[in-house]
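In case you want the letters, here they are:
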Amino acid sequence: MNETLEWKDIAFLREVERRSGTPVSACFQCHKCSTGCPIGPEMDLLSSQVMRLIHLGEEEKVLKCRSIWLCASCEACTTRCPMGIDVATVMDTLRIIAAQRKVPAPGTRGERFYRSFLSSVRRHGRVFELGMLTVYKFRSVDFLTDLDKAPKLLAKGKLSFLPARSANVAQVKEIFRKADEEETNR
Ligand code: SF4
Ligand code: SF4
């Protein structure tokens, strides 16, 4: 391994550690995070494999994997890690880096869902489900999946036709502004 590659390896590991605030380098590959992950069977890389690839500086493989977009942020991995690594936040950090570097998310609509969800919260101070789903459907160009569930959701009052604007919309917008500012400065 030459010196340039070593520096590249460490640079990506250090970047992920700095931005996530968690010691990824402490991972010793026990796989406890992966075995407890409810989305594991759908993932192309298990969380422990993601950790290992970060160690190896395999930035492209990590940022292009589907797993970071399928991760449901349930934090089961974080709870199970014996080294106290916040694996869920690492996955979150990788999504942010991938989005900032405009890495296309292959074979998953997760990235479009995240964008639709966050833009709805940013706009209304809370999620407006029907609006968010409409935007997501257009972004993913998939109008039929789960359409059969709409009547039940409407009947149970889970979907409203008008957004319920949060009283704290200004504070929520400020949170988004600060988060954008923090990300720009990282
Ligand atoms: S946070 Fe993501 S990676 Fe961790 S267990 Fe949940 S779905 Fe799996
Ligand atoms: S549980 Fe923690 S130490 Fe074990 S593989 Fe996952 S991240 Fe690494």
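See the structure above.
Notes on the structure in this doc start here. Computed from a prediction, not measured in an experiment: that's the story for all the values here.

Cut-offs applied
- Counting from 1, residues in each chain are numbered in the order their sequence is written.
- Both sets of labels track the order of writing: A upward for chains, 1 upward for ligands.
- Per-residue local features of the predicted model are confined to residues with pLDDT of at least 70, and side-chain atom pairs are confined, for both listing and counting, to 80 or more; whole-chain, interface and lining totals are unaffected and use all residues.
- Helix and strand definitions here come from DSSP, where helices need a minimum of 4 consecutive H or I residues and strands a minimum of 2 consecutive E residues; each element is numbered from the N-terminal end.
- The exposure label follows from counting other C-beta atoms within 10 Å of a residue's C-beta, where the C-beta atoms are placed from the backbone and the thresholds are 20 or more for buried and 12 or fewer for exposed, leaving partly exposed in between.
- Note on contacts: each residue gets a C-beta atom placed from the backbone, and two residues are in contact if those atoms are within 7 Å.
- A helix is expected to reach a length of 1.5 Å times the quantity of its residues less one.
- The C-beta atom of each residue is placed using the backbone, and any residue whose C-beta lies within 6 Å of a molecule or strand is treated as near it.
- Amino acids are sorted into nonpolar (Ala, Val, Leu, Ile, Met, Phe, Trp, Tyr, Cys and Pro), charged (Asp, Glu, Lys and Arg) and polar (every other residue, Gly among them).
- Defined on buried residues, the nonpolar core groups Ala, Val, Leu, Ile, Met, Phe, Trp, Tyr and Cys residues joined through C-beta atoms within 7 Å.

Structural notes on the overall build of the protein chain
Scanning the protein chain from terminus to terminus reveals 11 helices and 0 strands. For the protein chain, the sequential pattern of α-helices and β-strands runs α-α-α-α-α-α-α-α-α-α-α. In the protein chain, buried positions account for 24% of the 186 residues. In the protein chain, of all internal contacts separated by at least 6 residues, the share reaching a separation of at least 24 is 64%.

A closer look at helix H7 (residues 87–100)
Taking 1.5 Å of rise per residue, the 14 residues of H7 would be expected to cover 20 Å, and the 20 Å separating its terminal C-alpha atoms lies within 8% of that figure. Restricting attention to buried positions, one finds in H7 the residues Val 87, Ala 88, Val 90, Met 91, Thr 93, Leu 94, Arg 95, Ile 97 and Ala 98. Immediately downstream of H7, the backbone of Lys 102 shows phi near 55 degrees, a positive value.

Here's the deal with the site of ligand 1
Among the 14 residues in the neighbourhood of ligand 1, the closest are listed as Cys 37, Cys 71, Cys 74, Cys 77 and Ala 88. Going through the elements one at a time, helix H6 (76–80) and H7 are the ones with two or more residues in the shell around ligand 1. Residues belonging to the shell around ligand 1 are distributed by class as follows: 11 nonpolar, 2 polar and 1 charged.

Some remarks on the environment of Ser 47
Structurally, the position occupied by Ser 47 is in helix H3 (residues 47–55). Counting along the chain gives 56 residues from Ser 47 to Val 103, while the straight-line C-alpha distance between them is 19 Å. Ignoring any residue separated from it by four or fewer positions in sequence, one finds Ser 47 in contact with Cys 33, Ser 34, Cys 37, Cys 77 and Val 87.

Here's the deal with the nonpolar core
Counting residues in each nonpolar core, the largest one holds 27 residues, and the members touching the most others are Val 24, Ile 54, Ile 68, Cys 77, Val 87, Met 91 and Leu 94. Counting residues per element, this core draws most heavily on H7, which supplies 7 residues. In contact with Val 87, not counting residues within four places along its chain, are Cys 33, Ser 47, Cys 77, Thr 78 and Cys 81.

A few points about the site of ligand 2
The full set close to ligand 2 counts 15 residues, and Cys 27, Cys 30, Cys 33, Ser 48 and Cys 81 are the nearest of them. Of all the secondary-structure elements, those providing two or more residues to the shell around ligand 2 are helix H2 (32–35) and H3. If you tally residues by element for the shell around ligand 2, the top one is H3, at 3 residues. Counted by class, the shell around ligand 2 contains 9 nonpolar, 4 polar and 2 charged residues.

Worth remembering: the numbers are spatial, not functional.
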